Amino acid sequence: MNLRELVSALNDFASPALAESWDNVGLLVEPSPPHTVNTLFLTNDLTEEVMEEAVQKKADLILSYHPPIFTPLKRVTWKTWKERLVVRALENRIGIYSPHTAYDAIPHGVNNWLTKGLGACTSAPLHPSAAPSSPAGGTHRVEFCADAEHLDAVLSKIRDIPEVSCLTTLPARVEGEEQTRVSLNCSQKALLEVVALLSQNSLLYHKTEILLLQKPPLPHTGMGRLCTLSEAVSLSDLIGRIKAHLQLPHVRVAVGAGRTLESPVKKAALCAGSGSSVLKGTEADLYLTGEMSHHDVLDAVANGISVILCEHSNTERGFLSELRDALAIHLQNKINIIVSEKDRDPLQVA
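Residues numbered from 1 in each chain as written. Predicted model: local features only at pLDDT ≥ 70, side-chain atom pairs only at ≥ 80, totals over all residues. Heavy atoms only, no water.

Under an unreviewed UniProt entry, the name given to the chain is NIF3-like protein 1, and the source organism is Cisticola juncidis. Looking at the Function (unreviewed entry) heading of the UniProt record, one finds this comment for the chain: "May function as a transcriptional corepressor through its interaction with COPS2, negatively regulating the expression of genes involved in neuronal differentiation." UniProt lists a comment for the chain under the heading Subunit (unreviewed entry), and it reads "Homodimer. Interacts with COPS2. Interacts with THOC7." (UniProt positions renumbered as here; feature names shortened; annotations may be inferred.)

Next up, the structure:
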């Protein structure tokens, strides 16, 4: 497949618009066009060892779940390992694409894969994603009524304000008088100008309504998951299930205050990777994530919530095999898709 065609298909699989605002997703490194992709190489983390593996396996595009370029690069030299990744990629005509939190949000993504370690359950996002776009432009809707005497002058001035859209007028009867109801959408910046204009006329100002426009939530899409198990199981049994699912010999466990390893778990909140900010304040019997700060673990335990930590990328990496199969279908088996054998979490129990 042509690289641009493939990137478009990957964006259809998981829209980059679903990623968190702080994230850096999409095509990060692009060889000069035209660039044909025969082999897509999947990894959780793009380290130098993994890059050498990709070169040896003649990858044309690396899909790295974590973006190897996150903070801006001021130069591309051989000095730092992240700069060397870019150099090696371009020397070998390998593109780099990263989905990161877009894959966390989608219904068929990393967090839904992680829920499978709990056993039979229902789940819903902890922080639902809003639709990336909606028909109404702007952030606010302003509505007011004006009589014929003031209407033309007000409309003329409003039309001169940038970032005002969807301006409509409808006949209205207010307190027995024939008037015109004006409705418009505008940005936060334009709202200040619209309100300043209307405040010059007290009759208009006191008949003004302002509505905050919110994009609708996307079903089953968003950060984290709150899972309700079909049947409560002991914390000990759940630890065994999670270790089996993640293929880990050990996990770290903090038992909630007043709980034991035999205490039942019915509701679990989870977040792949680093879950402190996503899980914080959620009512559950258990928090499952890769890593949390020491003090956030203490807070959870004090509130009677047990915590299971598996190390950051161990809660993500197993998804790659499922992703390979899903992308093969999505891309109609047009390219070869392989999963890194060198990719691993940097931490281990010694």
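Draft legend 1. Representation of the packing of helix H2 (residues 48-56) against helix H3 (residues 81-91). Running from N to C, H2 and H3 point in directions that differ by 10°, and their axes come no closer than 10 Å. The orientation of H2 relative to H3 falls into the category roughly parallel. Facing H2, whose interface residues are Glu48, Met51, Glu52 and Val55, H3 presents Trp81, Arg84, Leu85, Arg88 and Ala89. Grouping the amino acids of the contact of H2 with H3 by side-chain chemistry returns five nonpolar, no polar and four charged. (Axes fitted to C-alpha atoms, helices over the stretch in contact; angles between N-to-C directions. Helix = DSSP H or I, 4+ residues; strand = E, 2+ residues; numbered from the N terminus. Parallel < 35°, antiparallel > 145°, perpendicular 65-115°, else oblique. Contact = heavy atoms within 4.5 Å. Nonpolar A, V, L, I, M, F, W, Y, C, P; charged D, E, K, R; others polar.)

Draft legend 2. How the structure looks around the environment of Glu49. In this fold, Glu49 is placed in helix H2. Considering only alpha carbons, one finds Glu49 and Lys342, 293 residues apart in sequence, at a separation of 6.9 Å. When neighbours within four sequence positions are excluded, Glu49 is seen to be in contact with Lys342 and Arg344.

Draft legend 3. Just the sheet that holds strand E14 (residues 306-309), in detail. Read from one edge to the other, the open sheet built from six strands follows the order E5-E10-E12-E13-E14-E11, with strand pairing classed as mixed. At either end of the open sheet lies a strand with only one pairing partner, and these are strand E5 (121-130) and strand E11 (252-254). For this sheet, the mean inter-axis angle between neighbouring strands, taken without regard to orientation, is 25°. As paired elements, strand E10 (residues 217-234) and strand E12 (residues 264-274) share six bridges and run antiparallel to each other. (Pairing = 2+ DSSP bridges.)

Draft legend 4. Molecular detail of the domain arrangement of the chain. Domain assignment breaks the chain into domain 1 (3-99), domain 2 (106-129 + 220-314) and domain 3 (140-212). Inter-centroid distance (C-alpha atoms) of domain 2 to domain 3 is 50 Å. (Domains from an automatic or database assignment.)

Draft legend 5. The nonpolar core, seen in detail. Counting 68 residues, the largest nonpolar core has Tyr103 and Leu327 as its most contacted members. Ignoring sequence-local partners within four residues, the contact set of Leu327 consists of Leu10, Phe13, Leu40, Leu42, Leu63, Tyr103 and Ile337. (Core = buried A, V, L, I, M, F, W, Y, C linked by side-chain atoms within 4.5 Å. Buried < 20%, exposed > 50% of the residue type's maximum accessible area, 1.4 Å probe, protein only.)

Draft legend 6. Region of the structure containing the packing of aromatic side chains. Applying the stated criterion to the full structure yields three aromatic pairs. Here Phe13 and Tyr103 contribute two aromatic rings whose centre-to-centre distance is 5.8 Å and whose plane-to-plane angle is 75°, an arrangement assigned as edge-to-face. Here the residue Phe13 occupies a position in helix H1 (residues 3-13), and Tyr103 occupies one in helix H4 (residues 101-105), the gap between them amounting to 90 residues. Its relative accessible area of 9% is what places Phe13 among the buried residues. (Phe/Tyr/Trp six-rings, centres within 6.5 Å; stacked < 30°, edge-to-face > 60°.)

Draft legend 7. Focus on the pattern of salt bridges. Tallied over the entire structure, the rule returns 18 salt bridges. With a shortest N-O distance of 3.5 Å, Asp45 and Arg317 are connected by a salt bridge. Here Asp45, found in the loop between strand E2 (39-43) and H2, pairs with Arg317, found in the loop between E14 and helix H12 (319-330); they are 272 residues apart in sequence, far enough to count as distant. Taken individually, Asp45 and Arg317 each receive the classification buried, so the pair is uniform in this respect. One salt bridge connects Glu209 with Arg181, and the closest N-O pair in it is separated by 3.3 Å. A residue pair is termed long-range when its members are at least 10 positions apart, and Glu209 in strand E9 (residues 209-212) and Arg181 in strand E8 (residues 177-186) qualify at 28 residues. Given a relative accessible area of 26%, Arg181 falls into the partly exposed group. Residues joined by salt bridges that share partners form a network here, namely Asp45, Arg317 and Asp343. (Salt bridge = Lys/Arg side-chain N within 4 Å of Asp/Glu carboxyl O.)

Draft legend 8. Quick look at H12. Spanning twelve residues, H12 covers 16 Å between terminal C-alpha atoms, matching the ideal 16 Å at 1.5 Å per step. Turning to H12, its buried residues number three or more, namely Phe319, Leu320, Leu323, Leu327 and Ala328. Buried residues along H12 sit in contact with H1, E2, strand E3 (61-64), H4, helix H5 (110-115) and strand E15 (336-339). (Expected span 1.5 Å × (residues − 1).)

Draft legend 9. Representation of the UniProt feature "binding site: a divalent metal cation" (unreviewed entry) in the chain within the structure. Those residues carrying the UniProt feature "binding site: a divalent metal cation" (unreviewed entry) are His66, Asp104, His312 and Glu316 in this numbering. Maximum C-alpha separation among the annotated residues is 13.4 Å over a sequence range of 251 residues, consistent with a single clustered spot. If we skip the residues at most four places from it in the chain, His66 touches Asn44, Asp45, Ser98, His100, His312 and Glu316. Positionally, His312 belongs in the loop between E14 and H12. Of the residues examined, His312 reaches a relative accessible area of 22% and is grouped as partly exposed. When residues no more than four places from it in sequence are discounted, the contact partners of His312 are His66, Gly273, Ser274, Gly290, Glu291 and Asp345.

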